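The lines below spell out each chain.
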Amino acid sequence: GGGEASVSTLVGATGYSGSAVRTAAEEMVVAGFVRRLEGSPTAYSADHRAWAGVLLFRPTSSVRGPDVPPWRFWASVFAFLADVEAWAAEAEAAEWSPYVASSRARDLVEDHARTLRTAKLRLPDPREPGGAVFLEDLERGMQHVHAWCLEHL
């Protein structure tokens, strides 16, 4: 939608390295699809009219540009979901107690906390006390993630 994004945000959004993001962004600046914003940290903004031609969307006269779906942080969400699936399979295979399952689930959520916040997904805080009750909170949080995925696909 023409918003700006720093290199670190782009790295988190795409899963690519910082140098790969910088190289690609600078090449898109040269091609006229992105503009580099002045200041620090380095940030970029997409030109929606240039992208509309490539993506075959008809630009509108609105300030926001063509009616294209907003960016979603799929790389980080899919990485989280893959780890959830692995956690669930391991919990079932090893027949973890609720305590062990909760402890490992807390680690999993903590590992992905930053990228989930970037994607605007809120899961229960793994630092909050509560023992095995965390699993119930996580189940409700996963329902939110599921709804988010369905809404934005």
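This text follows the structure it describes.
Q: Hey, could you go over helix α4 (residues 74-94) for me, with residue numbers and the actual values?
A: For α4, with 21 residues, the first-to-last C-alpha span of 30 Å sits near the 30 Å given by 1.5 Å per residue. What α4 keeps buried is the set W74, S76, V77, F80, V84, W87 and A91. Projected down its long axis, α4 shows its buried positions confined to an angular sector of 165°, all on one face. Exposed residues lying more than 90 degrees from the buried face of α4 are E85 and A93.

Q: Can you explain the environment of W74? Please cite residues and give values.
A: By secondary structure assignment, the location of W74 is in helix α4. Spatially, the C-alpha atom of W74 lies 13 Å from that of R117, the residues being 43 residues apart in sequence. Not counting residues within four places of it along the chain, the set of residues in contact with W74 comprises W148, C149, H152 and L153.

Cut-offs applied
Residues numbered from 1 in each chain as written. Predicted model: local features only at pLDDT ≥ 70, side-chain atom pairs only at ≥ 80, totals over all residues. Heavy atoms only, no water. Helix = DSSP H or I, 4+ residues; strand = E, 2+ residues; numbered from the N terminus. Expected span 1.5 Å × (residues − 1). Buried < 20%, exposed > 50% of the residue type's maximum accessible area, 1.4 Å probe, protein only. Arc of directions from axis to C-beta. Contact = heavy atoms within 4.5 Å.

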